[in-house]
Amino acid sequence: MSVQLYLNDVHRSFDGFKAINGLSLAIDKGELRAVIGPNGAGKTTMMDIITGKTRPDTGEVFWNGTVDLTKVDEAGSARLGIGRKFQKPTVIESLTVEENIAISLKDDRSVFGTLLNRQSAEQAARVSELLELVRLSADRRRSAADLSHGQKQWLEIGMLLAQEPELLLVDEPAAGMTDDETMRTAELLRSLAGSHTVVVVEHDMEFVRALDCKVTVLHQGAVLAEGSLDHVSANPQVVEVYLGR
Amino acid sequence: MLRRLIDFRMGIFLAVLFVFVVLVPAGNLAVEGRIVPSYIVALLGKYLCYALLAVALDLCWGFCGILSLGHGAFFALGGYAMGMHLMREIGPRGVYGNPVLPDFMVFLNWQELPWFWLGFDQFWFACLMVLAVPGALAFVFGWFAFRSRVTGVYLSIITQAMTYALMLAFFRNEMGFGGNNGLTDFKDVLGFDLSADSTRAGLFVLSAVALAGGLLLGKWITTSKLGKVLVAVRDAESRTRFIGYRVEGYKLFVFVVSAMMAGVAGALYAPQVGIINPGEFSPANSIEIVIWVALGGRGTLVGAAIGAIIVAAAKTLLTGWLPEAWLYVLGALFIIVTIFLPQGVLGAIEGGMGRARRRTPPKEAEA
């Protein structure tokens, strides 16, 4: 299996604080991977580096083995096929639910292309299909601001899928969701793996267990342990990091 | 297409505007005894220029969140570009009778026309510059500001600094734009006497056409997919980047279009008030534009135009009665609107209409 995302000995510090300190990670195409770690372990900075929001001080970040992600900006990473979901659900509140999906559809992103764009029948069908998938069909004409927290999470996932990404970076998707919604989200992410590569950053151990996948534990900006959830839970260092203080 | 551009509020506004376009010049020119005095025609024409300027600011502030506190600069540059043409058209009729040099250059003992005045004897060239100069300034300024991701209050402050710097520059005689007197004593435009009632009526109609054009252009942009992206940039800039849009390009586009629209407003303003001077660059003017838009209703286009006309009319009346009170009234107006009418006058009217409609549900609903 080919490697989708490859990080090698990445370092990044902020005012002397080493947020990422020798992080190496390889994620295969189609893999579902959970990344866990205590606060300050560098999970968000890792995502920022992958999506071009933050540049690493040293180290390599490669996409599909060929594209150097350290030279790409946020929009560029999105165009390569990296979709990112934030921890706090961020949707475009003043637009309707369907408009949120429509502007996320994979399409020409140039200024004048967008100005003259007209939605095709296929695109309209795709919007409906995605709304069905994230169970927002009934709310399609409502303003996104009126959705519940859980619905916004789902809308954001819909927007992400509309971009037809190869890799989904999902930051704490279960935060603020009901148990039922959490399980449905885990199910959706599992079903996406295979056709997409999915990296989930999460705190909620129940959720990680439901994902049933390889787990990477980050600590102080580097990988502490890797393996199945049972395997890493048995690691004394992991137990110490999580429970020791 | 037409239905996309002309919704309910746009339809009403354009209809009222059309009635004024017919009645005001007719009342001034056609009717014996002049029902509409000539100074009113010029005054209303000036309001329409302000309304276009407000629409320009609403396009970039209301829809894309770029709060420019320097939009007066683009307006003034458009006014100067047109003013330079009007100066050249005076020709040998100036006080000093110099066929090429405007009076203030003769007064300063300049021997020849500076290079940047060349070409302004041509009307088409001046019209081009009305768009090109504000557009180019907005492009260069926006290019650096948006690429460096300067946003929010910092962007507002540097736009304010931009207009202030231009004001100081235009006050200097050596700049070649007439120093603190600016450009004035215009005689005619394209051969039409500027003091003639028919010319004034023509300029009034042109201003109304420009306003309608600006509103429709704004509507076309904001109802396109690009318009949705602009709103996305306003609401969640970072999200928009991660969807794959290069936000700086979108901001630059709307900022440049807005600056050009402001330039056109300025170009129509200069011949109607008969003078353009560095005072137009003053930061206070630019802040007033923001008040027009906030008062009328941000992100509504039509509301911005209405806000500009309301405030400008109130200013004319109040500075006549109680000149000292005007600034206090303006400040109070801004505070009242911010606290009680966050959606502006237009939002309040439409909200009221919506409530009234809900209170009396249609018959079918009851059955």
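A quick note: this is a predicted structure, and the numbers were derived from the prediction, not measured.

## What about the overall build of chain A?
- Across its full length, chain A carries 10 helices and 10 strands.
- Compactness check: chain A gives a C-alpha radius of gyration of 18 Å against a globular reference of 18 Å for 245 residues, within 12% of the reference.
- In chain A, 66% of the contacts between residues at least 6 apart in sequence involve partners at least 24 apart.
- Only carbon and sulfur atoms are counted for the fraction: they give 49% of the accessible area of chain A, which is about 10,800 Å².
- Across chain A, the 26 positively charged side chains and the 36 negatively charged ones have centroids separated by 3 Å.

## Re the interface of chain B and chain A
- Chain B puts 25 residues into the contact, and the matching count from chain A is 34 residues.
- Carbon and sulfur atoms make up 62% of the surface buried where chain B meets chain A, a total of about 2,600 Å² over both sides.
- Contact with chain A buries area across many residues of chain B, yet Lys225, Arg239 and Phe242 of chain B alone supply 31% of it, more than any other trio.
- Inspection of the region where chain B meets chain A yields 5 salt bridges.
- Of the charged contacts, one joins glutamate 74 of chain A and arginine 149 of chain B as a salt bridge, the two residues approaching to 2.8 Å between their closest N and O atoms.
- The interface formed by chain B and chain A includes 15 residue pairs in polar contact (both at pLDDT 80 or more).
- Among the elements of the structure, helix H8 (197–223), helix H9 (225–235), helix H10 (237–243) and helix H11 (247–273) of chain B are those that each provide at least two residues to the side of chain B that touches chain A.
- It is H9 of chain B that provides the largest number of residues to the side of chain B that touches chain A, a total of 8 residues.

## Overview of the confidence of the model for chain A
- When the pLDDT values of chain A are averaged, the result is 91; 98% of them are 70 or greater.
- Looking over chain A, one finds the lowest element-wise mean pLDDT in helix H10 (residues 236–243) of chain A, namely 82, and the highest in helix H3 (residues 97–104) of chain A, namely 96.

## Description of the environment of lysine 85 of chain A
- You can see lysine 85 of chain A is positioned in strand E6 (residues 82–85).
- Excluding residues within four positions of it along the chain, lysine 85 of chain A makes contact with Gln153, Glu156, Ile157, Leu160, Leu169, Val170 and Asp171 of chain A together with Arg239 of chain B.
- A polar contact of 3.3 Å, which involves the side chain of lysine 85 of chain A, links it to the side chain of glutamate 156 of chain A.

## Comments concerning the environment of isoleucine 49 of chain A
All names here are of chain A.
- Within the element layout of this structure, isoleucine 49 appears in helix H1 (residues 43–50).
- Residues isoleucine 49 and valine 72, spaced 23 residues apart in sequence, show a C-alpha to C-alpha distance of 9.8 Å.
- Non-local contacts of isoleucine 49, meaning those with residues more than four positions away in its chain, are made with Val10, Arg12, Ile20, Thr54, Pro56 and Val61.

## Side note on the side chain of aspartate 139 of chain A
All names here are of chain A.
- Checked against the element boundaries, aspartate 139 lands in the loop between helix H5 (121–133) and helix H6 (149–162).
- You can call aspartate 139 buried: its relative accessible area is 12%.
- Those residues in contact with aspartate 139 that lie beyond four places of it in its chain are Val97, Leu147 and Gln151.

## Considering the packing of helix H6 (residues 123–147) of chain B against H11 of chain B
All names here are of chain B.
- Packing of H6 against H11 brings their axes to within 8 Å, and their N-to-C directions diverge by 150 degrees. One way to sum up the angle between H6 and H11 is to call them roughly antiparallel. As H6 runs across H11, the sense of the crossing is right-handed. Where H6 approaches H11, its residues Val130, Leu131, Pro134, Gly135, Ala138, Phe139, Phe141, Gly142, Trp143, Phe146 and Arg147 are matched on the opposing element by Glu248, Lys251, Leu252, Phe255, Val256, Ala259, Met260, Gly263, Val264 and Ala267.
- Broken down by class, the residue content of the contact of H6 with H11 amounts to 15 nonpolar, 3 polar and 3 charged.

## A word on the sheet that holds strand E1 (residues 3–14) of chain A
All names here are of chain A.
- Reading across from one edge, E2-E1-E4-E5 is the order of the 4 strands in this open sheet, with antiparallel pairing throughout. Where the open sheet ends on each side, the last strands, each with one partner, are strand E2 (17–28) and strand E5 (67–68).
- As paired strands, E1 and E2 are joined by 9 bridges and run antiparallel to one another. Considered in E2, the bridge of serine 13 is made with lysine 18.
- Strands in contact with H1 are E1, E2 and strand E4 (58–63); relative to E1, the strand with the most contacts, it is inclined by about 115 degrees.

## What about the nonpolar core?
- Leu155 and Leu211 of chain A together with Trp117, Leu183, Leu211, Leu215 and Phe281 of chain B are the most contacted members of the largest nonpolar core, which totals 166 residues.
- Listed in part, the 22 residues of the second largest apolar core include Leu7, Leu25, Ile49 and Val199 of chain A.

## Some thoughts on the side chain of aspartate 188 of chain B
All names here are of chain B.
- In this fold, aspartate 188 is placed in strand E2 (residues 188–189).
- Aspartate 188 gets classed as buried once you look at its relative accessible area, which sits at 11%.
- Reaching out from aspartate 188, the side chain makes a polar contact with the side chain of arginine 93 at a distance of 3.0 Å.
- Ignoring any residue separated from it by four or fewer positions in sequence, one finds aspartate 188 in contact with Leu86, Glu89, Arg93, Asp193 and Leu194.

## Re the pattern of salt bridges
Residues and elements named next belong to chain A.
- In this structure the tally under the stated criterion is 29 salt bridges over all chains.
- Here glutamate 226 makes a salt bridge to arginine 33, at a shortest N to O gap of 3.2 Å. One end of the pair, glutamate 226, is in strand E10 (residues 222–227); the other, arginine 33, is in strand E3 (residues 32–36), and 193 residues separate them in sequence.
- Exposure remark for glutamate 226: the relative accessible area of 32% places this residue in the partly exposed category.
- Judged by its relative accessible area of 0%, arginine 33 falls in the buried class.
- A salt bridge links arginine 84 to aspartate 48; the shortest N-O distance between them is 2.7 Å. Placement of the pair is arginine 84 in strand E6 and aspartate 48 in helix H1, with a sequence separation of 36 residues.

## So, the pairing of strand E7 (residues 167–171) of chain A
Residue and element names in this part refer to chain A.
- Summarising burial for E7: 5 of the 5 residues are buried, a large majority.
- Residues Leu167, Leu169 and Asp171 point to one face of E7 and Leu168 and Val170 to the other, with burial holding for every one of them.
- Across 5 bridges, E7 lies against strand E8 (residues 197–201) in parallel orientation. Within E8, the position partnered with leucine 169 by the bridge is valine 199.
- In this view, the connection linking E7 to its parallel neighbour E8 by way of helix H7 (residues 179–192) has right-handed handedness.

## Observations concerning the packing of helix H2 (residues 8–30) of chain B against helix H13 (residues 302–321) of chain B
Residues and elements named next belong to chain B.
- For the pair H2 and H13, the least separation of the axes is 10 Å and the interaxial angle reads 40 degrees. In terms of axis orientation, H2 runs oblique to H13. Contacts between H2 and H13 involve Arg9, Met10 and Phe13 from the former and Val302, Ala305 and Ile306 from the latter.
- For the contact of H2 with H13, the residue count by class is 5 nonpolar, no polar and 1 charged.

The rules behind the values
Residues numbered from 1 in each chain as written. Chains lettered and ligands numbered in written order. Predicted model: local features only at pLDDT ≥ 70, side-chain atom pairs only at ≥ 80, totals over all residues. Heavy atoms only, no water. Helix = DSSP H or I, 4+ residues; strand = E, 2+ residues; numbered from the N terminus. Rg over C-alpha atoms; globule rule 2.2 N^0.38 Å. Contact = heavy atoms within 4.5 Å. Areas by Shrake-Rupley, 256 points an atom, 1.4 Å probe, with all protein chains shown as cover. Lys, Arg positive; Asp, Glu negative; His and termini not counted. Charge placed at Lys NZ, Arg CZ, Asp CG, Glu CD. Buried area = accessible area lost by both parts, 1.4 Å probe. Salt bridge = Lys/Arg side-chain N within 4 Å of Asp/Glu carboxyl O. Polar contact = N/O pair within 3.5 Å; in protein donor to acceptor, adjacent residues only side chain to side chain. pLDDT = per-residue confidence, 0-100. Buried < 20%, exposed > 50% of the residue type's maximum accessible area, 1.4 Å probe, protein only. Axes fitted to C-alpha atoms, helices over the stretch in contact; angles between N-to-C directions. Parallel < 35°, antiparallel > 145°, perpendicular 65-115°, else oblique. Left-handed = near helix turned anticlockwise from the far one by under 90°. Nonpolar A, V, L, I, M, F, W, Y, C, P; charged D, E, K, R; others polar. Pairing = 2+ DSSP bridges. Core = buried A, V, L, I, M, F, W, Y, C linked by side-chain atoms within 4.5 Å. Right-handed = clockwise from strand over helix to strand, strands pointing away.

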